[in-house]
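The primary structure of each chain is shown beneath.
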Amino acid sequence: MHIQEWLETVPAIAVYLLVGGVIGLESLGIPLPGEIVLVSATLLAATQDHINPYVLGACAVAGAIIGDSIGYLIGRKGGKPLLAWLGRKFPKHFGPHHVATAERSFQKWGMWAVFVGRFIALLRIFAGPLAGVLKMPYWKFLIANVLGGIVWAGGTVAVIYSVGKVAEEWLKKFSWLGLVAAVLFGLGSFVVMRIKAKKAAAGQAAEQQAAEAEPAPVAAAE
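Criteria and cut-off values
Residues numbered from 1 in each chain as written. Predicted model: local features only at pLDDT ≥ 70, side-chain atom pairs only at ≥ 80, totals over all residues. Heavy atoms only, no water. Helix = DSSP H or I, 4+ residues; strand = E, 2+ residues; numbered from the N terminus. Contact = heavy atoms within 4.5 Å. pLDDT = per-residue confidence, 0-100. Buried < 20%, exposed > 50% of the residue type's maximum accessible area, 1.4 Å probe, protein only. Polar contact = N/O pair within 3.5 Å; in protein donor to acceptor, adjacent residues only side chain to side chain. Salt bridge = Lys/Arg side-chain N within 4 Å of Asp/Glu carboxyl O. Phe/Tyr/Trp six-rings, centres within 6.5 Å; stacked < 30°, edge-to-face > 60°.

Trainee: Can you help me understand the environment of C59 in this one?
Mentor: Topologically, C59 is positioned in helix α4 (residues 53-89). Not counting the four nearest positions on each side in its chain, C59 is found in contact with Y16 and G20.

Written out as structure tokens, the structure reads:
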């Protein structure tokens, strides 16, 4: 079966549930490729008339908002021990340097870290649970969460769908290339964030070593 014919057989409800579920779980704090799934599904909607982009965008927004809210509640109940447990389970995503980077972002930006974090792979996983751990007032979190979910998920679907429709004929002939491009885009953004996190961790380690190397103050003679 040709790939285009196979794509036409994919049920729309399955795409909606996949997008909402993956984005919801990622927002909850589980490291999943939410952005890759969203972009890929939107490109699919651009070439398949049975997939409604408005419903797709609504599912993505709902998954983002609900997932982040659940992550916030879990973080508020679990506190610091939760981050330590996640660090043992997912050391590549919740290691000490990842947590330190996210905490600095929250201390610097406050509720804006929740909004801006929706657009950054590392903070997208951390935003909900960490906001709960740091006891951010829920009303502040909710405002940033809703706005971030709408702008990120809704905006991504709108932009990618518009671009996909412009290149619809090309995508229909080379659907797999569009999907590969979406995957590479998502992986690229993830790699960039990993590099930034490692640089931040190295800087923090250097500061800690410098602090430990400083001589202790000499007590004044009585």
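Trainee: Just checking my understanding: could you explain the confidence of the model for the protein for this structure?
Mentor: For residues with low pLDDT, the predicted coordinates do not support detailed interpretation. Of all residues in the protein, 63% have pLDDT values of 70 or greater, and the mean over the chain is 75. The low-confidence segment residues 218-222, where pLDDT is below 50, has zero contacts with residues more than four positions distant or belonging to other chains.

Trainee: In this structure, what is going on with the side chain of S69? I would like to understand it.
Mentor: For S69, the position within the fold is in helix α4. Using a relative accessible area of 13% as the deciding quantity, one classes S69 as buried. Side chain to side chain, S69 and N145 meet in a polar contact 3.2 Å long. Contacts of S69, omitting those with residues within four sequence positions, involve Y138, F141 and N145.

Trainee: Please clarify how the pattern of salt bridges should be interpreted in this entry.
Mentor: Pairs can form between side chains of opposite charge once their charged atoms are near each other. A complete count under the given rule lists one salt bridge for this structure. A salt bridge links D68 to R118, with the shortest nitrogen-to-oxygen separation between them at 2.9 Å. One end of the pair, D68, is in helix α4; the other, R118, is in the loop between α7 (112-117) and α8 (121-133), and 50 residues separate them in sequence. Taken individually, D68 and R118 each receive the classification buried, so the pair is uniform in this respect.

Trainee: Any chance you could explain the environment of Q107 here in plain terms?
Mentor: Within the secondary structure layout, Q107 lies in helix α6 (residues 96-109). A residue is classified by how much of its surface remains accessible, and Q107, at 67% relative accessible area, is exposed. Between the C-alpha atom of Q107 and that of L134, which follows or precedes it by 27 residues, the distance is 9.5 Å.

Trainee: I would appreciate a short explanation of the packing of aromatic side chains in the present structure.
Mentor: The relative placement of two aromatic rings is captured by the distance of their centres and the angle of their planes. Applying the stated criterion to the full structure yields five aromatic pairs. Geometrically, the ring pair formed by Y72 and Y138 is tilted, given 5.2 Å between the ring centres and 55° between the ring planes. With Y72 in helix α4 and Y138 in helix α9 (residues 138-166), this pair connects stretches of sequence that are 66 residues apart. Between F115 and F119 the ring centres are 5.8 Å apart and the planes differ by 55°, which places this aromatic pair in the tilted class. Classification of F119 by relative accessible area gives partly exposed; the value is 39%.

Trainee: Is there a simple way to explain the environment of A113 in this structure?
Mentor: If you trace the backbone, A113 turns up in helix α7. A relative accessible area of 0% means that A113 is categorised as buried. Separated by ten residues in sequence, A113 and L123 place their C-alpha atoms 7.9 Å apart. Ignoring sequence-local partners within four residues, the contact set of A113 consists of S105, F106 and L123.

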